[in-house]
Amino acid sequence: HAGGPLRAAGKLAATLPADVACWAIGDSGSSRTTGLRLGRIVRRWRPAIIHARNTGTWCDALIAGALHPSSRLVLGFHGLDHAGPFTAKTIRVARWARRLRASFTSVSESGRRRLIDELGVRSPRITVLTNGVDAVRFQPATAQARDSAREALGLGADDFVVGSVGSLSAVKRIDLLIDAMGLCDDLGVGARAVIVGDGSLRAELTDRAARAGLGDRIVFTGPQDDVRPYLAALDAFVQCSDSEEMSNAILEAMACGIPIIATDVGDSARMLGEPKAGLLVPKGDASAIASAIQHLAQNPLERTRFAEQARCRALAFTPEQSVLAYEAFYSAITPKKSRAPLDQPNQTANMVMSSLC
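What comes next is a walk through the structure. (Residues numbered from 1 in each chain as written. Predicted model: local features only at pLDDT ≥ 70, side-chain atom pairs only at ≥ 80, totals over all residues. Heavy atoms only, no water.)

## A short note on the sheet that holds strand β8 (residues 192-196)
Selection rule: Strand pairing follows a simple DSSP-based rule, namely that at least 2 bridges must link the two strands. What counts as a helix is a DSSP run of H or I of at least four residues, what counts as a strand is a run of E of at least two, and both are numbered from the N terminus. To obtain an axis, a line is fitted to C-alpha atoms, over the contacting stretch when the element is a helix, and the angle between two such axes runs from 0 to 180 degrees between their N-to-C directions. Contacts: residue pairs with any heavy atoms within 4.5 Å of one another.
If you trace the six strands from one edge of the open sheet to the other, you get β9-β8-β7-β10-β11-β12, paired in parallel fashion. Lying at the two open borders of the sheet, with one neighbouring strand each, are β9 (218-222) and β12 (278-281). Looking at each pair of strands side by side, their axes are set apart by 20° on average, direction ignored. As judged from the four bridges shared by β8 and β9, these two strands associate in the parallel manner. Across the sheet, the residue bridging to Ala193 is Ile218, located in β9. Lying on the sheet, helix α6 (residues 174-186) is in contact with β7 (161-165), β8, β9 and β10 (236-239); it crosses β8 at an angle near 165°.

What follows is the structure in structure tokens.
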């Protein structure tokens, strides 16, 4: 088993088991040589499977796979960092991948549909491998943890607090949450907000909040390795994205028993389930988000029902289920003669190379 991130290895590399190798290729942007360098690693290790995690790595994995055709090529789709269709480059890469009989994976049913409708991938070549959430690590906060979290953030015990976790990038549309907070005043709801994350739009978003007179009602925490203390402070979790497939941030909030307000994109409706774990709103609509915040603030009993259902729904998306699904998928696409016993992970025949974006 091996990983080849196209950028730096990151903090998680140090947590990998001893029998899982990780090479950081070191590219920080578009490069014409990454695929060739990845191909040299593939030739050295002769993996049974090359699995590219998202569209940004597809082209390089395709080149590496062409250089070592005995490896099964898998192109994974986890979502786009922009709203709208796939890029022309991704469409071209998918066309070549289909000719090489690559397999495709998606974390969502909506993603599977997009691969079919927009990239022309045949349904039998697509496997949906959903995300999972550690429901032991992410649990509903105790009253003491809630009070401590709010005190640390300068929030009152009786404040109605909403929050979001994610990159401060254009597709996440945190600007809509800021605008919704201003609209809440007109609806008679004096809500507070906690925004966890960092990104290219951080300065712009903090300026937007200040210009709207919301600087003292919105807390920007910056990047955090552990989001649980911040989730503990929330009465509702808000996801404003223009594009998602299966949001890990929503899953973690649901596991913590937090009612959800989410834009109706990707698999959000499937995640919230029926009976629902929260409210769906149209994408790009700050007034709809404000109305949803008002509804939850003024209906504590419904909030409690949503919270209970959120926790229940999250338990259906376990890491164990995800691991078993991946193992079954890899086993199904690996020729029997190439398989090695699971207790011999260092054998080349049992190797999966994952190229991370």
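## Concerning the environment of Gly182
Structurally, Gly182 can be placed in helix α6. Taking the C-alpha atoms as reference points, Gly182 and Gln309, separated by 127 residues in sequence, lie 29 Å from one another.

## Regarding the pairing of β8
Worth spelling out the cut-off: The buried label goes to any residue with under 20% of its type's maximum accessible area, the exposed label to any with over 50%, and the partly exposed label to all in between, with areas taken from a 1.4 Å probe on protein chains only. For the handedness criterion, the strands are oriented away from the viewer, and a crossover whose path from the first strand over the helix to the second runs clockwise is classed as right-handed.
Counting buried positions along β8 gives five out of five residues, so the element sits mostly inside the fold. Along β8, one buried face is formed by Arg192, Val194 and Val196 and the opposite face, lined by Ala193 and Ile195, is buried too. With five bridges connecting them, β7 and β8 associate as parallel partners. Among the inter-strand pairings, Val162 is bridged to a residue of β8, identified as Ala193. Handedness of the β-α-β unit built from β8, helix α7 (residues 202-211) and β9 comes out right-handed.

## A look at the packing of α6 against helix α11 (residues 286-298)
What counts here: Each angle is binned into one of four classes, with values under 35 degrees roughly parallel, values over 145 roughly antiparallel, values of 65 to 115 roughly perpendicular, and all other values oblique. Should the near helix be turned anticlockwise from the far one by less than a right angle, the crossing is termed left-handed; should it be turned clockwise, right-handed. In this classification, the charged set is Asp, Glu, Lys and Arg, the nonpolar set is Ala, Val, Leu, Ile, Met, Phe, Trp, Tyr, Cys and Pro, and all remaining amino acids, among them Gly, are polar.
One way to put it is that α6 packs onto α11 with a least axis distance of 8 Å and a crossing angle of 55°. Considering the angle they form, α6 stands oblique to α11. Crossing of α6 against α11: the hand is right-handed. Where α6 abuts α11, its residues Leu176, Leu177, Asp179, Ala180, Leu183 and Cys184 lie against Ala286, Ser287, Ile289, Ala290 and Ile293. For the contact of α6 with α11, the per-class residue count stands at nine nonpolar, one polar and one charged.

## As for the nonpolar core
Quick reminder of the rule: Buried residues of nine kinds, namely Ala, Val, Leu, Ile, Met, Phe, Trp, Tyr and Cys, make up a nonpolar core once their side-chain atoms join them within 4.5 Å.
Within the largest apolar cluster, 34 residues are counted, with the highest numbers of intra-cluster contacts made by Leu231, Phe237, Met254 and Ile260. Sorting the residues of this core by element identifies α5 (143-153), β8, α8 (228-231), α9 (248-255), β11 (260-263), α10 (268-272) and α12 (300-314) as the ones contributing at least two each. Residue contacts for Leu231: discarding those within four places in its chain leaves Phe138, Val165, Phe237, Glu252, Ala253, Cys256 and Ile258. In terms of nonpolar packing, the next biggest core, distinct from the first, is built from 33 residues, Met181, Cys184, Val238 and Leu279 among them.

## Focus: the packing of aromatic side chains
How we decide: Note on aromatic pairs: the rings of Phe, Tyr and Trp (six-membered ring only in Trp) are paired at centre separations within 6.5 Å, and the planes decide the class, stacked below 30 degrees, edge-to-face beyond 60, tilted for the rest. By the criterion adopted, a ring carries a charge over it if an Arg CZ or a Lys NZ lies within 6 Å of its centre and within 35 degrees of its normal.
For the structure on display, the rule yields four aromatic pairs. Where Tyr326 meets Tyr330, the ring centres are 6.0 Å apart and the plane angle is 55°; that geometry is what we call tilted. Residue Tyr326 and its partner Tyr330 are located together in helix α13 (residues 319-333), separated by four residues, close to a single helical turn. With a relative accessible area of 22%, Tyr326 lands in the partly exposed category. Using a relative accessible area of 18% as the deciding quantity, one classes Tyr330 as buried. With centroids separated by 5.7 Å and ring planes inclined at 45°, the aromatic side chains of Phe329 and Tyr330 adopt a geometry described as tilted. Relative accessible area serves as the criterion here: at 6%, Phe329 is assigned to the buried category. Here the guanidinium or amino end of Arg99 rests over the ring plane of Trp96, the centre of that ring lying 4.7 Å away. The ring of Phe86 has Arg114 lying over it, and the distance from NZ or CZ to the ring centre is 4.9 Å.

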